[in-house]
Amino acid sequence: MQNEVTARPREALRPSPCVDHIRPRRLHAATLAAAALVIAAMASPAEAYIGPGAGFAIASSLFVIVWTMFLAFLTLLLWPIRWLIRSIRGRRAFAKAKVRRLVILGLDGLEPSLAEKFMAEGKLPNLARLAQRGSYKKLGTVTPPLSPVAWSTFLTGVNPGKHNIYDFLNSDRRTYLPNLSSVSIHPPTKSIRLGKYTFPLNKPEIRLLRKGKPFWNTLGEHGIFTSVIRVPITWPPEKCRGVVLSAMCVPDLRGTQGLFAFYSTRPAGPERTGGEQIVVRREGHLVRSELIGPDNSVKEGAGAMKVPFTIEIGKGKADAMLTIGDESYALRLGEYTPWIIVKFSAGAGVKVNGICRFLLLSIEPEFELYVTPINLDPEHPAMPISFPTAYSTYLAKRFGSYATLGLAEDTWALNEELIDDDAFLEQCVSIDAEREQQFFDALNNTRRGLCVCVFDGTDRIQHMFWRYLEPEHPANPRNLRPDYQPNGHEKTIEELYIRMDKLVGDTMKKTLDQDGDGETMLMVISDHGFSPFRRGIDLNRWLIENGYMTLKPDADANAKYLVNVDWSKTRVYALGLAGMFINQKGREAQGIVEPGEEMRRLKAEIISKMAGLKDPKTGDVAVTKVQDKEICYKGPFRETAPDLVIGYNRGYRVGWDTAIGKITPEVFHDNTKAWSGDHCIDPDLIPGVLFCSHKVLSDSPRLMDLGPTSLELFGVGVPENMDGVPLEIQVGGAA
């Protein structure tokens with residue numbers, strides 16, 4: 001394909017022996033041209049895993065390259081002095097350390113029962129070798145066991161009551177609408193108007209709502225260097241002594257959590273969750289359309305920025321040729337293009353870059369084209385996605401463009417059946433391959449200190465392919481299509497574990513096998529396990545049937561965001577994936593439940609009624625427990641948590657519609673979506689894994705213990721506010 005792709009050549013960047021030299025690029029708000037790149041995207045209710053998320057403001061600078069070159073020159077000039085200072089500080093920093101390097105490899109959602117099964121069958125030799133060399137234990141997760149909650153606990157060492165993340169979504173108590181729980185965005189407050197153009201004079205505020213200090217920041221305060229690659233809930237990136245590449249909640253260029261585009265000559269179908277269909281016309285061999293970018297907030301009334309493209313079918317040796325601007329790319333049926341850089345213009349010399357991939361799905365009888373969400377261009381990011389800012393550029397120069405979207409694997413395009421299993425799987429594998437390059441580069445550049453990297457493919461693939469593990473699963477293709485023929489995906493999850501085992505083996509070669517005993521400690525962890533998701537529960541329908549919620553007389557059956565609810569007669573409501581909220585007077589905009597004794601009685605009543613709830617179709621217990629947040633969480637941010645946290649049995653989860661405030665006619669529903677596995681259940685049923693190159697002597701390790709453990713391994717005192725405790729690990733003194 002390469003000889004048929006005309007693309008802008010990418011400058012090679014020589015690998016550096018240490019990325020510690022990369023310094024932050026500063027955005028000069030006083031520079032008019034720089035401020036002009038502040039593009040405000042439209043805000044909308046966040047749906048996180050459920051669909052497009054909240055709008056985000058986008059900021060960048062035209063002239064940061066000049067500034068970066070200056071900083072690079074200054075770095076070279078001062079390098080001998082800085083090398084001497086780092087050497088002296090390094091000796092002091094590691095004086096009490098038990099290891100010189102700690103490597104934590106996160107495999108999101110790796111399920112203990114599957115890992116144990118495949119190890120027993122001899123299919124995971126590297127994990128088995130790691131366990132034999134050191135330890136393997138199940139790792140206690142958090143309440144609720146959702147990725148943003150779990151990873152926030154991992155990196156802070158505290159319970160959610162102290163880090164303020166309870167779900168992908170929070171309920172806005174003033175509007176009853178869902179908000180993204182981890183980030184708050186506010187547009188620039190100052191601007192200048194020149195004719196029809198409006199130029200911001202200051203940057204938008206992008207504020208991380210996760211509280212608590214990452215344990216690697218504490219390490220940095222004691223002189224320990226860290227490399228943090230794609231750990232969830234690290235956006236916007238925080239300063240540290242080292243490098244950070246952000247992950248979960250990094251938006252796409254349009255300010256959503258991932259909005260795909262589907263171009264087709266077919267008439268527009270129903271609303272697409274997670275994306276949009278664009279109807280195109282075929283004129284002979286030509287199809288013309290546009291990529292839709294962020295709203296143009298610089299030019300009044302301009303609407304969304306767009307980039308036209310043309311597809312010529314049957315041209316050359318390819319099935320079609322895609323032309324965007326002056327560049328042309330070969331399209332072949334069923335094959336993704338490489339990442340393509342797209343430049344949107346707001347006028348007056350203001351441009352913003354994005355990257356996306358194209359997948360030609362069909363030419364006849366209908367034309368169909370899928371385009372991934374437009375990611376921020378890591379080489380020229382429209383807003384910081386790393387610390388220092390230049391780190392994302394370094395990686396792009398080093399390896400080429402890569403996915404930057406927080407939830408980069410497009411699960412909703414598969415859920416909506418616009419791409420097939422093979423196309424989705426290719427996305428996951430290619431993104432993991434990008435991550436592997438970044439991880440190994442970080443390993444090479446972190447000879448002493450901490451290196452943490454999280455791989456998402458384990459989570460996304462199990463979410464979407466669990467249906468193949470269970471012949472009776474409602475979403476198993478054989479139960480949905482009478483003409484279904486086995487396609488090999490019955491082995492996809494097994495192959496995933498084998499692929500991750502190879503990653504572990506390669507990591508061991510680059511760390512343990514090279515460094516020798518005592519130099520490096522390797523941990524392989526997961527934040528939670530995995531479970532089937534066969535049946536969904538509409539919590540709001542249950543509340544209606546039990547007299548806790550009332551709908552308006554003219555309720556629209558298709559309405560979202562609880563707009564049908566009569567708040568004057570509603571005491572409890574559900575939103576998001578974690579639990580239920582009391583409609584409390586003085587807290588909710590239209591609250592009716594008195595705080596204090598009335599609130600306590602109501603919560604106790606619901607806990608008594610809902611715990612042990614059975615599915616009438618199967619007779620199984622669907623809800624194992626319901627917990628009061630006052631018992632679950634301790635800390636200053638407990639008030640933002642759901643008042644009641646639901647623990648589901650294996651096979652069950654909150655229904656899709658409940659998560660976005662849509663109310664259905666029945667309490668229980670078969671889950672027939674491709675998203676067929678999940679982990680939003682009783683945390684006691686869904687532990688993660690901990691493999692360690694050294695012997696872990698503690699009996700019941702928890703995810704929240706890993707931060708304190710890391711601090712102790714480097715001889716750094718554990719802060720008093722941490723809830724986790726250092727694990728007892730058999731290790732000698734540092735070499």
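Model, not experiment: these values are computed from the prediction.

Q: Kindly report on the overall build of the protein chain, identifying the contributing residues and their values.
A: From N to C terminus, the protein chain includes 19 helices and 38 strands. Looking at the protein chain residue by residue over its 735 residues, the buried ones come to 60%. In the protein chain, of all internal contacts separated by at least 6 residues, the share reaching a separation of at least 24 is 69%. In the structure as shown, the protein chain presents an accessible area of about 28,400 Å², 53% of it carried by carbon and sulfur atoms.

Q: Residue-level account of the sheet that holds strand E31 (residues 623–628), with values.
A: Across the sheet, which stays open at both edges, the 4 strands sit in the order E29-E30-E32-E31 with antiparallel pairing between neighbours. Single-partner strands in this sheet number two, and they are strand E29 (572–575) and E31. Sheet twist, expressed as the mean angle between neighbouring strand axes with direction ignored, is 25°. Relative to strand E32 (residues 644–648), strand E30 (residues 579–582) runs antiparallel, the two sharing 2 bridges. Within E32, the residue paired with Met580 across the bridge is Leu644.

Q: Talk me through helix H5 (residues 147–156); I want residue IDs and the actual numbers.
A: Along H5, 10 of the 10 residues are buried, which leaves the element largely enclosed by surrounding structure. Turning to H5, its buried residues are Ser147, Pro148, Val149, Ala150, Trp151, Ser152, Thr153, Phe154, Leu155 and Thr156. Immediately beyond the C-terminal end of H5, within one or two residues, lies Gly157, with a positive phi of roughly 75°.

Q: Please give an account of the pattern of salt bridges that cites residues and values.
A: Within the structure shown, the criterion is met by 45 salt bridges. The salt bridge involving Asp456 is made with Arg460; its shortest N-O contact spans 4.0 Å. The burial state of Asp456 is the same as that of Arg460; both residues are buried. Measuring nitrogen to oxygen at the nearest pair gives 3.1 Å for the salt bridge that ties Arg535 to Asp670. A residue pair is termed long-range when its members are at least 10 positions apart, and Arg535 in strand E28 (residues 531–537) and Asp670 in strand E34 (residues 668–670) qualify at 135 residues.

Q: Provide a residue-level description of a nonpolar patch on the surface, including the pertinent values.
A: A contiguous nonpolar surface patch, about 230 Å² in accessible area, is contributed by Ile192, Leu194 and Leu201. Residue placement: Ile192 occurs in strand E8 (residues 191–194).

Q: How would you sum up unusual backbone geometry? Please name residues and give values.
A: Of note, the bond from Trp235 into Pro236 is cis; its omega dihedral lies within 30 degrees of zero at 0°. One can find Pro236 in the loop between strand E11 (226–229) and strand E12 (242–245). In this structure, Pro388 follows Phe387 across a cis peptide bond, with omega equal to -10°. At Ile233, a residue that is not glycine, the phi angle is positive and equals roughly 60°. Relative to the assigned elements, Ile233 resides in the loop between E11 and E12. Owing to a relative accessible area of 1%, Ile233 belongs among the buried residues under this scheme. Although it is not a glycine, Cys249 sits at a positive phi angle of roughly 85°. Here Cys249 is to be found in the loop between E12 and strand E13 (260–264).

Rules used throughout
- Residues numbered from 1 in each chain as written.
- Predicted model: local features only at pLDDT ≥ 70, side-chain atom pairs only at ≥ 80, totals over all residues.
- Heavy atoms only, no water.
- Helix = DSSP H or I, 4+ residues; strand = E, 2+ residues; numbered from the N terminus.
- Buried < 20%, exposed > 50% of the residue type's maximum accessible area, 1.4 Å probe, protein only.
- Contact = heavy atoms within 4.5 Å.
- Areas by Shrake-Rupley, 256 points an atom, 1.4 Å probe, with all protein chains shown as cover.
- Pairing = 2+ DSSP bridges.
- Axes fitted to C-alpha atoms, helices over the stretch in contact; angles between N-to-C directions.
- Salt bridge = Lys/Arg side-chain N within 4 Å of Asp/Glu carboxyl O.
- Patch = residues over 30% accessible without salt bridge, like charges linked within 9 Å, V, L, I, M, F, W, Y side chains within 5 Å.

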